[in-house]
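Residues per chain, in single letters:
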Amino acid sequence: MTAPVASEVSVGGGKSPIVVSLYVPKENQANPPPADGLYVQRWKTIYAAVRQFGGFITDSNAGEQIAALNASIAGTKWSATVPKSYTVAQYNSPFELFNRVNEIWFLYE
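What follows covers the sheet that holds strand β3 (residues 47-53). Ordered in space as β2-β1-β4-β5-β3, the 5 strands form an open sheet in which the pairing is antiparallel. Edge positions in the sheet fall to β2 (18-22) and β3, since each has one partner strand and no second. Neighbour to neighbour, the strand axes of the sheet diverge by 20° on average, direction disregarded. Sheet topology places strand β1 (residues 5-10) next to strand β4 (residues 85-90); 6 bridges connect them, and they run antiparallel. Bridge assignment links valine 9 to a residue of β4, and that residue is tyrosine 86.

In C-alpha cells form, the structure reads like this:
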C-alpha cells in the first residue's frame, strides 16, 4: 500500500464529492503504470496547514480535527483564506490497529 492515502473532500453545497489520491513512488513518477478509471494528478509546490492525530478516522473526529486546525491557524495570514476543500491523509494500513497516524491538510497556493 502507498502512503499516504489522501482523500480530498470539497466543502459547501450539497453532497461533498471526494477524490482519493495514492502516492506514486519516486521510481515510478516519470512514467506511472496505467490503470483503467484512474488518472495521474501532478501537484505543484503549495503551502499546507497540517494537524496530525491518531486512531481511526470517522466523520465526527474529522470534524473535531478540522475545527482544531482552524483554531490553530486563527490570527495568522492563513485564517483569512477559507479553503474550498480539506484533505484527510491516512498513513497506515486499515489492518493496523495501533499507533495510527492521520493528518488533516488545508492546502494553499
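We are not done yet, so read on.
As a further point, take unusual backbone geometry. Across the chain, the bulk of peptide bonds are trans and the bulk of non-glycine residues have phi less than zero. For the bond from alanine 3 to proline 4, the omega torsion is 0°, close enough to zero to count as cis. Tracing the backbone shows proline 4 in the segment before β1. Even without being a glycine, asparagine 99 presents a positive backbone phi close to 55°. If you trace the backbone, asparagine 99 turns up in the loop between β4 and β5 (102-108). When its relative accessible area of 72% is taken as the criterion, asparagine 99 is described as exposed.

Let's shift gears to the nonpolar core. Among the nonpolar cores identified, the biggest contains 11 residues, and these are Val9, Ala49, Phe53, Ile66, Leu69, Ile73, Tyr86, Val88, Ile104, Phe106 and Tyr108. Of all the elements in the fold, those that place two or more residues in this core are β3, α1 (59-73), β4 and β5. In contact with isoleucine 73, not counting residues within four places along its chain, are Ala49, Trp78, Ser79, Phe106 and Tyr108.

Moving on to the layout of surface pockets. The volume enclosed by the largest pocket comes to roughly 880 Å³. Around the largest pocket, the lining comprises 24 residues; the ones closest to its centre are Ser21, Leu22, Tyr23, Val24 and Gln41. In terms of residue count, β2 provides more of the lining of the largest pocket than any other element does, 4 residues in total. Estimates place the volume of the second largest pocket at around 210 Å³. The wall of the second largest pocket is formed by Ser7, Val9, Ile18, Ile57, Thr58, Asp59, Ala62, Tyr86, Val88 and Gln90. Listed by contribution, the elements that provide at least two residues to the lining of the second largest pocket are β1, α1 and β4. For the lining of the second largest pocket, the element with the highest residue contribution is β4, accounting for 3 residues. Broken down by class, the residue content of the lining of the second largest pocket amounts to 6 nonpolar, 3 polar and 1 charged.

With that settled, the discussion passes to the side chain of serine 7. Counting through the fold element by element, serine 7 comes out in strand β1. When sequence neighbours within four positions are dropped, the list of residues in contact with serine 7 reads Ile18, Val19, Val20, Tyr86, Thr87 and Val88.

The rules we used
- Residues numbered from 1 in each chain as written.
- Predicted model: local features only at pLDDT ≥ 70, side-chain atom pairs only at ≥ 80, totals over all residues.
- Heavy atoms only, no water.
- Pairing = 2+ DSSP bridges.
- Helix = DSSP H or I, 4+ residues; strand = E, 2+ residues; numbered from the N terminus.
- Axes fitted to C-alpha atoms, helices over the stretch in contact; angles between N-to-C directions.
- Buried < 20%, exposed > 50% of the residue type's maximum accessible area, 1.4 Å probe, protein only.
- Core = buried A, V, L, I, M, F, W, Y, C linked by side-chain atoms within 4.5 Å.
- Contact = heavy atoms within 4.5 Å.
- 1 Å grid on protein atoms, 1.4 Å probe; cavity = no way out; pocket = protein on both sides within 12 Å on 5 of 7 lines; lining within 4 Å.
- Points joined across faces, edges and corners; volume = space filled by probe spheres on them.
- Nonpolar A, V, L, I, M, F, W, Y, C, P; charged D, E, K, R; others polar.

Just geometry here; none of it tells us what the structure is for.
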